[in-house]
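Here are the chains, one letter per residue:
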Amino acid sequence: MKKGELLYEGKAKQVYLTDDPNVIIMHYKDDATASNGEKHALFEHKGELNQRITKLIYDYLIEQGIPTHYIKTISDTDQLCKKVKIFPLEVICRNIIAGSMAKRLGIIEGTVAPNTIFEISYKNDALGDPLINDHHAVALGLATYDELRAIYELTAKINLKLQKLFQMIGVKLVDFKVEFGKTADGEIVLADEISPDCCRLWDAKTNDHLDKDRFRRDLGDVMGAYVEIYNRLSEALKK
Ligand code: TMP
């Protein structure tokens, strides 16, 4: 598969066209950003670790029947994926209250939610990815009500599968962000990475943060946490 022109560059990834119009290459970068890009750093091997972690998680989710854009890994930092039309939405799912929800609503971080909480943000850097609701999303033409229903259903399924997976490796899945896209056939599929960049992962015994909060909150040893998640996942998913 030939790497073509750069289609899109995000904060932590690049997307390239290929000689197949239905296939893209997703390249994982070493960049880390926080506070909507105000804080930036480079971490050697972060791209490779996130690619490897995403691959392990996608292989597991695909086996569990979740539709995704992932095709295969072609190098340490690059994956072949189906070309999809991304919904400009960040879908957040919370099991334990932390981060922006804890702050916004004055709840102690670590409070276990009695229900699963879903949020959507409008992916728009200029506006700072504002939190919106379903009616805003429909009014803005970002998705239809039916598409949103399908997206929440898939997110709930992904949450159950991921909670099980992380429980197996002694990690609490506090919350995570996912994105969805539509294939040329009109199927809604999980897209983008699933890595410690976009999940809150707390060690089940110590509540140590094994995710990007180590960078956001200056806790140190950012890559140590990513390596720990990769090692535990690859051990648990060893075939
Ligand atoms: P939040 O508490 O800051 O809203 O984040 C909730 C989860 O979503 C957390 O696991 C981090 C992830 N997330 C992203 O991956 N990208 C984002 O732009 C935001 C705001 C959150």
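Cut-off values and rules
- Residues numbered from 1 in each chain as written.
- Predicted model: local features only at pLDDT ≥ 70, side-chain atom pairs only at ≥ 80, totals over all residues.
- Heavy atoms only, no water.
- Helix = DSSP H or I, 4+ residues; strand = E, 2+ residues; numbered from the N terminus.
- Rg over C-alpha atoms; globule rule 2.2 N^0.38 Å.
- Buried < 20%, exposed > 50% of the residue type's maximum accessible area, 1.4 Å probe, protein only.
- Contact = heavy atoms within 4.5 Å.
- Areas by Shrake-Rupley, 256 points an atom, 1.4 Å probe, with all protein chains shown as cover.
- Expected span 1.5 Å × (residues − 1).
- Core = buried A, V, L, I, M, F, W, Y, C linked by side-chain atoms within 4.5 Å.
- Near = heavy atom within 4 Å.
- Polar contact = N/O pair within 3.5 Å; in protein donor to acceptor, adjacent residues only side chain to side chain.
- Nonpolar A, V, L, I, M, F, W, Y, C, P; charged D, E, K, R; others polar.

1. Brief notes about the overall build of the protein
If you tally the helices and strands in the protein, you get six helices and 14 strands. On C-alpha atoms alone, the protein measures out to a radius of gyration of 17 Å, which is about the 18 Å that the 2.2 N^0.38 rule sets for 239 residues. Here the protein holds 239 residues, and the buried ones make up 50% of them. When contacts within the protein are restricted to residue pairs at least 6 apart in sequence, those whose partners lie at least 24 apart make up 56%. When the accessible surface of the protein is summed, it comes to about 11700 Å², and 52% of that surface belongs to carbon and sulfur atoms.

2. With respect to helix H6 (residues 222-236)
For H6, which comprises 15 residues, the first-to-last C-alpha distance of 22 Å matches the rise-based estimate of 21 Å (1.5 Å per residue) to within 8%. Residues of H6 that are buried sit in contact with helix H1 (46-63), helix H4 (145-168), strand E12 (171-182), strand E14 (199-203) and helix H5 (213-216).

3. Some remarks on the environment of Ala-41
Within the fold, Ala-41 resides in strand E5 (residues 39-42). Spatially, the C-alpha atom of Ala-41 lies 8.4 Å from that of Asp-30, the residues being 11 residues apart in sequence. Ignoring sequence-local partners within four residues, the contact set of Ala-41 consists of Asp-30, Asp-31, Ala-32 and Phe-215.

4. A look at the nonpolar core
Counting 51 residues, the largest nonpolar core has Leu-162, Phe-166, Phe-180 and Leu-233 as its most contacted members. The element that contributes the greatest number of residues to this core is H4, accounting for eight residues. In this view, Phe-180 contacts Lys-85, Ile-86, Phe-87, Val-91, Ile-151, Leu-154, Thr-155, Ile-158, Ile-188, Val-189, Leu-190 and Ala-191; residues no more than four positions away in its chain are not counted.

5. Describing the site of the ligand
The immediate surroundings of the ligand are formed by 14 residues, with Arg-94, Ser-100, Asp-175, Cys-198 and Arg-200 found nearest. Separating an oxygen atom of the ligand from a side-chain N or O atom of Glu-90 is a distance of 3.1 Å. Coverage of the ligand by the protein amounts to 78% of the 450 Å² it exposes when considered alone. Secondary structure elements with two or more residues in the shell around the ligand: strand E9 (89-97), helix H2 (99-105), E12 and E14. A per-class count over the shell around the ligand returns five nonpolar, two polar and seven charged.

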